[in-house]
Amino acid sequence: MFLFADKPATFWFPEQASTFAKEVDWFYMAMLYISLFFFVLIVAAMVYSMIAFRGRPGYKGSVEALHNNWLEFWWTFIPCVIAVWIFARGVYGYLDQMTIPVDTNDVEVRAQKWAWSFTYPGGVTTNELHLVVDKPAKMIMRSDDVLHALFIPVFRVKSDIVPGRYTNMWFEPTLEGKYDLFCAEYCGDKHSVMHADVYVESQKTYDAWLAKEMLPPSDPWEWGKKQYEKSKGCIACHSIDGKKVVGPSFLDSWGKDVELATGGTVKFDENYLRESVLNPQAKARKGFETAALMPSYQGRLKEEEISALIEFMKNVKNNPNKKE
Amino acid sequence: MSTITTKPLDITAPAAHEPGNFLTHSSGFLSWALTLDHKRIGLMYLTGVMSSFLLGGILALMIRVHLFQPAGTFLSPQQYNQVFTLHGAVMVFLFIIPSIPAALGNFLLPVMLGAKDVAFPRLNLCSFYLWVGGAIFFLVALLVTGLDTGWTFYTPYSLESKGPVVLATLGVFILGFSSIFTGLNFIVTINTMRPPGMTWFRMPLFLWATYSTAIIQVLATPVLGITVLLLTAERVLGIGIFDPKLNGDPVTFQHFFWFYSHPAVYIMILPAMGIISELMSVHSHKGIFGYRLIAYSSVAIALFGFLVWGHHMFTSGMANVTTIVFSALTFSVSIPSAIKVFNWLGTMYQGTVVLTAPMLYALAFIFLFTIGGLTGLPLGALSTDRHLHDTYFVVAHFHYVMMGGTLVAFLGGIFHWWPKMVGKMYNEFFGQVSATIVFLGFNLTFLPQFVLGTRGMPRRYASYLPEFEHLHQMSTYGAFLLGAGLLVAGLVLLHSAIYGRKAPTNPWGGATLEWVCSSPPPHDNFAKPPVVGDPYDFRGIEYDPKIGGYVRRPFEDKGGHH
C-alpha cells in the first residue's frame, strides 16, 4: 500500500502521534480514493451526457425511458459490498480504540467552563497534559458543569465528557513533542479558548517534571501564581490586568471595599477570598449577579494552597519577596 | 407499464377563452391573507422562507467575516455564539424544513395531481399562520435576549444558559405543528385525491418524495414537540430529566433530539431529490431511468432515516454495541441515495440535454450531493469518525448535503416552476450565470472546510489557531462569491416578475399535469379531473416556435413504452 505512505504530517492530517493515527489515516485515505474513483466516474458520465446528448439543431435524442435490470443490480450491489467493507473496517479500528489495556498511566481529567485540569499519580494537578512516549495512557474524565469533549488531533481521538459520570478513553503516544488539545463540544462563551498543551516526553523527562511538580514552591507568592495560572485555572475567568473576562479582575482589589450584587460592600480580605473560593455564590460581586458560573473549590484546595493564593492576590503584579 | 389504456391528455387545444388566473382571480390584502387557494398559500410560504433564507444568509456572512482572522474580527465570543446559533436555527427551522414541501409542495402537489386543492384547505392556511406565528415568536425570542445554545439545544448547557430557551423551544413547538399539519394534508391529498388513471406508479416522482417526506413529518415531529416540552418542564418546574444535577441524563436529550432531527434531515433532502428527478427528466426530454427504483428508494430513505439518529452521538459514550449497530444502519441509508444518483445519470443518457438554468442547478446538485454523500462515509465509519466528529469536516459535509443539495435543488425547482407560478419567463442567460456562480462559490466556501476538519479544527469556535487561517480565508472569499450568485438569482427572478415575457403553458416540455394548466394556473386548476397517463411519457412533445413553448402532437403509439 505504497499509495498511503506514512508521512509525519500530510496535506490532510497533522502528525501521527499515537498508535491509532496510522490506521485512521490509512482508512481515511482508502475511503478518499474509493470516493474519488466513484466521483470521477459520476462526473465523467454527467459531462459526457452533457456534451454527447446536448440539445442542438438536427439532433433528437430518445424520449423512451431506459430501464436495465442488469445495470441496476450491479450499481446497487457494488456500493453495498463497499459499504459493508467500510463499516467492518471502521468497527475494527474502533474496537481497538475502545479496548483499554490493563497497564496504563492514568490521568484524571477535569473539564469545567472553560479550563482543563489534569491530575497525576501523587496528586499533582496542572493545566497541561504530560504523557510518556510509547506508554499507554488512560484518561479518567469528568465534567463540573456542561458537556465538553476532549480532542487531541495528533492522536486522532475524541470523547465527550458528560457531567454526572466518568468517561474513560485511552491512547498510546508514539512521538515526542508538544501538541494541541481542544474542547470539541460546544460549552459556551469561551469554548474556543478551552485549549490545553499536550507534552509527550521520555520517561526520564516525565519523571523529572513530576518530581518537580510534587514539591510545593518555597516561595508562597510563586505558588499562588502557579495555582492562578496553571493548576487551578483561575486565569480562564479572572484577569490580573483589569479586563473583565467572565468573573471580576483581580487587579488592585485587595484591601478595597467591593460592591456586592445584593447591595452593600465587603472588604476584599483574607476571609472574603477564602469564602469566595469555597462558596462562590455566598457574596457575589456587583455586575456578576449570581456568580453562577464559578464552581466551588471546596475540597480541591488545601489550607496551604489558599494561603499561597492570598499571598498572590495581595499583589498580583510583583512578587514582594523577590528583591530586585 | 405497457398496459396504458388511456391516451395521454391532448394538450394541443388551448382554453377557448382566458378565464383569468389565480393571481388575478381576486384582489386586495384579505384575498391573500384569508385565501384557501393552495397556490397563493404556496407563494406566501415562498416569500416567508426566502425572507428567512436572506436573514440566515446574512448571518452566515457575518460568521465568515468574523472568522477571517484567527482572533476573530468584529464579534465578541458571546456575540459569535449567538450569531452561529441564530444562523443554524433560522436555516434549519425557518428555511430548509419548510422550503420545498411548504412552498413548492403546496403550489405543485394539487396541480400535479390534477386536483383543485389539497384535501384540507383550511388546515393548510392554518399551518401557514402557525409557521408565521412560530417564526415571529422564535425570532423575537432569539433576538431579544440572545440565545447561544446552538440550534441543537444540548443539555445541560441549555438548562443553565441565560438565553430564553423556553421561549425559543416554544417557537420550535409551534413550527412543529405547522410541519405536522402540512404533512398530514399532503398524505390525505395524495391518498384520496388522485385523478382517474393515476395509480401510485403513475405519480410524478416529486409526489413520491413529498409523500415520503410527509410521513416523516407526521411521525417524527411530535417527538421534537415532546422533547422541547420536557426541556421546558425541567427548566420551569425543576423536574429532573436531562440535568445531572437533578439526577437526569444529558445524553437522553441527545437521543430525543436526534430521533427527530435526523429524520428531519430527510425532510430536507427527500423533496430535493424529488425536484431533481423532475428536472433531470424534463430537461433531458426523456423518461426517467428506473422509475420504480427511485420511488422505492424515497420510501426506503424515509424508513431507514428513522433508525440512524445515533450517528450524531458516536463520541457521546454510548455502549460499543449500540454504536456499532448505528454505524451499520447508517451505511444502509447510503445505498438508496447512491441508486438515485445513478438513475439520474441514466436519465440523461441518450436524451436531449438542454442546459437551461434549472438543469444547471440540477447538475450542480448531483455534483455537490455526491460529494456530500461520499464524505458521509468517513463520518459513518467509527474509527475515522472519532477524529472527524465535531470538526469542520462535519460542517462541510452537512453543508454539501443541505445547502449544495437541498438549497441548490430548491433554486433549480424555483427556476423550473417560476414560469408556472408567476406566469413570466426569466432571463435565461443570467439564470445560467447565477447557477454557475453559486456552484463555484459554494465549492470555494466548503471544500477548504473538509481540510480544516481533517487537520483538527473544531466547529463552533469564535477564534482559532493561526495555522488554520488560510483555509478559513478561502472559505470567506467563497462565501461572498456564493452570496453574489444568490443575489444574481434573486434579481433575475424579481426582474422577470415585472419585465419577463409571458410564459407559455409548457415552456420546458414537461409531461406532468402542471404543464397542462395555463401559466399561471386558473383559480381552480382543472375544470374537471384530467385523465392521466405516464408522467414521463415524452412522446410527441415538440417545441412550437409560434407559442414559444412545447405542445404534444399526436404520435404513433408503437407500444412497448418502458
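Since the structure is predicted, the reported quantities are computational estimates derived from the model, not experimental observations. (Residues numbered from 1 in each chain as written. Chains lettered and ligands numbered in written order. Predicted model: local features only at pLDDT ≥ 70, side-chain atom pairs only at ≥ 80, totals over all residues.)

A. How the structure looks around the overall build of chain B. The helix and strand inventory of chain B stands at 16 helices and two strands. In terms of C-alpha radius of gyration, chain B reaches 23 Å, essentially the compact-globule figure of 24 Å for 562 residues. The buried share of chain B, taken over its 562 residues, is 61%. (Helix = DSSP H or I, 4+ residues; strand = E, 2+ residues; numbered from the N terminus. Rg over C-alpha atoms; globule rule 2.2 N^0.38 Å. Buried ≥ 20, exposed ≤ 12 C-beta atoms within 10 Å, placed from the backbone.)

B. Looking closely at the overall build of chain A. Summing up its helical and strand segments, chain A has six helices and 12 strands in all. A globule of 324 residues ought to have a C-alpha radius of gyration of about 20 Å, yet chain A, at 28 Å, is considerably larger. Dimensions of chain A, computed from the C-alpha atoms along their principal axes, are close to 95 × 50 × 40 Å. Looking at chain A residue by residue over its 324 residues, the buried ones come to 34%. Within chain A, residue pairs in contact and separated by at least 24 positions form 63% of the contacts whose partners lie at least 6 positions apart. (Contact = placed C-beta atoms within 7 Å.)

C. Geometry of the packing of helix α8 (residues 250-283) of chain B against helix α10 (residues 320-348) of chain B. Residue and element names in this part refer to chain B. The contact between α8 and α10 brings their axes to 9 Å, and the two run at 15 degrees. What the angle tells us is that α8 and α10 run roughly parallel. Considering the relative orientation of α8 and α10, their crossing is left-handed. Residue-level inspection shows Met273, Ile276, Met280 and Ser281 of α8 in contact with α10, the latter providing Lys340, Trp344, Thr347 and Met348. (Axes fitted to C-alpha atoms, helices over the stretch in contact; angles between N-to-C directions. Parallel < 35°, antiparallel > 145°, perpendicular 65-115°, else oblique. Left-handed = near helix turned anticlockwise from the far one by under 90°.)

D. Examining the packing of α8 of chain B against helix α9 (residues 291-304) of chain B more closely. Residue and element names in this part refer to chain B. Orientation of α8 relative to α9, taken along the N-to-C sense of each, is 175 degrees, at an axis distance of 10 Å. Compared by their axis directions, α8 and α9 come out roughly antiparallel. Along its contact with α8, which presents Tyr266, Leu270, Met273 and Ser277, the element α9 presents Ile294, Ser298, Ile301 and Ala302. Tallied by class, residues from the contact of α8 with α9 come to six nonpolar, two polar and no charged. (Nonpolar A, V, L, I, M, F, W, Y, C, P; charged D, E, K, R; others polar.)

E. Region of interest: the sheet that holds strand β10 (residues 195-201) of chain A. Residues and elements named next belong to chain A. If you trace the five strands from one edge of the open sheet to the other, you get β4-β10-β9-β6-β7, paired in mixed fashion. Each of the sheet's edge strands pairs with one partner strand only, and the pair in question is β4 (129-132) and β7 (157-161). Averaged over all adjacent pairs, the angle separating strand axes in this sheet is 25 degrees, with direction ignored. Inspection of the sheet shows β4 paired to β10 by four bridges, in the parallel sense. Bridge pairing in β10 links Leu129 to Val198. This element, helix α3 (residues 203-214), spans β4 and β10 of the sheet and lies at about 140 degrees to β4. (Pairing = 2+ DSSP bridges.)

F. The arrangement of the nonpolar core in detail. Formed by 234 residues in total, the largest nonpolar core has its most connected members in Ile276, Tyr361, Ala364 and Phe365 of chain B. When residues of this core are assigned to their parent elements, the largest contribution, 22 residues, is made by helix α3 (residues 77-113) of chain B. Sequence-distant contacts of Ile276 of chain B, that is, excluding residues within four places in its chain, are made with Trp344, Ala362, Phe365 and Ala409 of chain B. Counting 11 residues, the second largest nonpolar core, distinct from the first, contains Trp221, Trp223, Phe250 and Leu309 of chain A. (Core = buried A, V, L, I, M, F, W, Y, C linked by C-beta atoms within 7 Å.)

G. Spotlight on the confidence of the model for chain A. Per-residue pLDDT for chain A has a mean of 88; in total, 96% of the residues score no lower than 70. Segment residues 1-8 of chain A is flagged for pLDDT under 50; beyond a separation of four residues in sequence, or across chains, it makes seven contacts in the model. (pLDDT = per-residue confidence, 0-100.)

H. Fine view of the pairing of strand β6 (residues 148-152) of chain A. Residue and element names in this part refer to chain A. Taken across its five residues, β6 has five buried, putting it largely inside the fold. Burial of the side chains of β6 extends over both faces: His148, Leu150 and Ile152 are buried on one face and Ala149 and Phe151 on the other. Two successive antiparallel strands, β6 and β7, enclose a turn made up of four residues, where Arg156 displays a positive phi of approximately 65 degrees.

I. Representation of the domain arrangement of chain A within the structure. Residues and elements named next belong to chain A. By the assigned domains, chain A splits into domain 1 (2-98), domain 2 (105-214) and domain 3 (220-314). Computed over C-alpha atoms, the centres of domain 2 and domain 3 are 25 Å apart. Taken together, the contact between domain 2 and domain 3 spans 12 residues of the former and seven residues of the latter. If you list the elements that add at least two residues to the side of domain 2 that touches domain 3, you get β2 (115-119) and β3 (125-126). In the side of domain 2 that touches domain 3, the residues fall into two nonpolar, five polar and five charged. (Domains from an automatic or database assignment.)

J. Looking closely at helix α4 (residues 220-231) of chain A. All names here are of chain A. Helix length check: α4, at 12 residues, gives a terminal C-alpha distance of 14 Å against a target of 16 Å (1.5 Å per residue), a shortfall beyond 12%. When we look at burial in α4, the residues that qualify are Trp221, Trp223, Gly224, Lys225, Gln227, Tyr228 and Ser231. In this fold, the buried residues of α4 make contact with β2, β3 and α6 (303-314). Backbone geometry just downstream of α4 places Gly233 in the positive-phi region, at approximately 70 degrees. (Expected span 1.5 Å × (residues − 1).)

K. Geometry of the sheet that holds strand β8 (residues 167-171) of chain A. All names here are of chain A. Taken together, five strands build an open sheet; the order of strands is β3-β2-β1-β5-β8 and the sheet is mixed. Each edge of the sheet is formed by a strand with only one pairing partner; in this case those strands are β3 and β8. Here strand β1 (residues 105-112) runs beside strand β5 (residues 137-143); their pairing, made up of seven bridges, is parallel. Bridge pairing in β5 places Glu108 opposite Ile140.

L. Structural view of the interface of chain A and chain B. With 70 residues of chain A in contact, the opposing surface of chain B contributes 74 residues. Looking at the side of chain A that touches chain B, the elements with two or more residues in it are α1 (19-52), α2 (69-98), β6, β7 and β9 (177-183) of chain A. If one sorts the elements of the side of chain A that touches chain B by residue count, α2 of chain A sits on top with 15 residues. Considering only residue class, the side of chain A that touches chain B consists of 41 nonpolar, 16 polar and 13 charged.

M. Representation of the environment of Gly287 of chain A within the structure. All names here are of chain A. Inspection of the secondary structure puts Gly287 in the loop between α5 (270-278) and α6. Among the residues examined, Gly287 registers 10 C-beta atoms within 10 Å and is labelled exposed. As a C-alpha pair, Gly287 and Ala211 span 76 residues in sequence and 42 Å in three-dimensional space.

N. A look at the environment of Phe20 of chain A. Residue and element names in this part refer to chain A. Within the secondary structure, Phe20 is located in helix α1. Residue classification places Phe20 among the buried residues on the basis of 23 C-beta atoms within 10 Å. On a C-alpha basis, the gap between Phe20 and Tyr94 in space is 9.3 Å, while along the polypeptide they are 74 residues apart. Excluding anything up to four places from it in sequence, Phe20 contacts Asp96, Gln97, Phe155, Arg156, Val157 and Phe171.

O. Examining α6 of chain A more closely. All names here are of chain A. The end-to-end C-alpha separation of α6 is 17 Å, in line with the 16 Å expected for 12 residues at 1.5 Å each. Among the residues of α6, those classed as buried are Ala308, Leu309, Phe312 and Met313. The buried residues of α6 all sit within an arc of 140 degrees when viewed along its axis, so they share a single face. In this structure, α6 carries Glu303 and Glu304 as exposed residues pointing more than 90 degrees from its buried face. Of the surrounding secondary structure, the elements contacted by the buried residues of α6 are α4 and α5. (Arc of directions from axis to C-beta.)

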